[in-house]
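Residue-level structural notes
One-letter residues, chain by chain:
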Amino acid sequence: MSAAKLNSRIKRLTSQLPKESATVLKHGFNESQRDKISSIILLASAEFEYFLEQCVLKRIESSYNLWRKKRQPTQTMLAIFHAGHPARRKTVIGGVNEEFNKPYSQAIEQAYRNVRKLVDDNNGINEDDTKALLTCIGVDVASLNIEITILSNFTRSRGAIAHLPDGKHKVIMTQSTNVVKSELVQSLKALECIARTVRSV
């Protein structure tokens, strides 16, 4: 999915948010309206997560293909090699030695597969998940602390909605569509900034 398509998708979702009428401001949203707001938060979160994973995967694939076809090492490929080196998954020194005794090309192939699996197995855009995805391709996560925090704050609401019934999760965002809209726009801008950084490494 392109940034333009994601932008269009989020705009479409926000346009479907219930209006804050005088009745709503006085009595709050009814159950159907709360369900709709919660559904939009869940859908937007899924779009954000997929977009980030695809950005990282594209960078992994382009760097790996450049190395495989031209044996041209990039900073991203070095980060992939570091993050996915098979020796990192060994708990005994003998296993580590064994991995380092293998041909480096074999280790690179395994590192590539390990990092691909890390992205495939990802399950969220909280702070730890996002940092793990970005670090494996050499992104300086410290330079994106604000953007990562914005995404992480948004995903907390998604997690609460996804794991608790209506009336139990106490997500403040579901009490005001203006707040939901603001959070969605902020998260979208944060994600676009992260995506630009990913494309530049």
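Residues numbered from 1 in each chain as written. Predicted model: local features only at pLDDT ≥ 70, side-chain atom pairs only at ≥ 80, totals over all residues. Heavy atoms only, no water.

Digging into the packing of helix α1 (residues 3-15) against helix α9 (residues 177-200)
Between two packed helices, what matters for the description is the angle formed by their axes and the separation of those axes. Packing of α1 against α9 brings their axes to within 11 Å, and their N-to-C directions diverge by 175°. If you check the angle between α1 and α9, you find them roughly antiparallel. Packed against α1, whose contacting residues are Ala-3, Leu-6, Asn-7, Ile-10 and Thr-14, the element α9 presents Lys-181, Leu-184, Leu-188, Leu-191 and Glu-192 at the interface. Grouping the constituent residues of the contact of α1 with α9 by class yields 6 nonpolar, 2 polar and 2 charged. (Axes fitted to C-alpha atoms, helices over the stretch in contact; angles between N-to-C directions. Helix = DSSP H or I, 4+ residues; strand = E, 2+ residues; numbered from the N terminus. Parallel < 35°, antiparallel > 145°, perpendicular 65-115°, else oblique. Contact = heavy atoms within 4.5 Å. Nonpolar A, V, L, I, M, F, W, Y, C, P; charged D, E, K, R; others polar.)

Comments concerning the packing of aromatic side chains
Scanning the entire structure with this criterion turns up 3 aromatic pairs. On the numbers, 6.3 Å between centres and 35° between planes, the contact of Tyr-64 with Trp-67 is tilted. With Tyr-64 and Trp-67 both in helix α3 (residues 31-70), this residue pair falls 3 residues apart, about one helical turn. The class of Tyr-64 is buried, set by a relative accessible area of 7%. Exposure remark for Trp-67: the relative accessible area of 4% places this residue in the buried category. Members of the aromatic cluster, each reached through a chain of ring pairs, are Tyr-64, Trp-67 and Tyr-112. The residue whose ring lies beneath Arg-71 is Trp-67, and the NZ or CZ to ring-centre distance is 4.1 Å. (Phe/Tyr/Trp six-rings, centres within 6.5 Å; stacked < 30°, edge-to-face > 60°. Buried < 20%, exposed > 50% of the residue type's maximum accessible area, 1.4 Å probe, protein only. Lys NZ or Arg CZ within 6 Å of the ring centre and 35° of its normal.)

Thoughts on the side chain of Thr-177
Turning to its location among the elements, Thr-177 is positioned in helix α9. Excluding anything up to four places from it in sequence, Thr-177 contacts Leu-17, Pro-18, Glu-20, Phe-29 and Ile-37.

On their own, these measurements won't tell you what the molecule is for.
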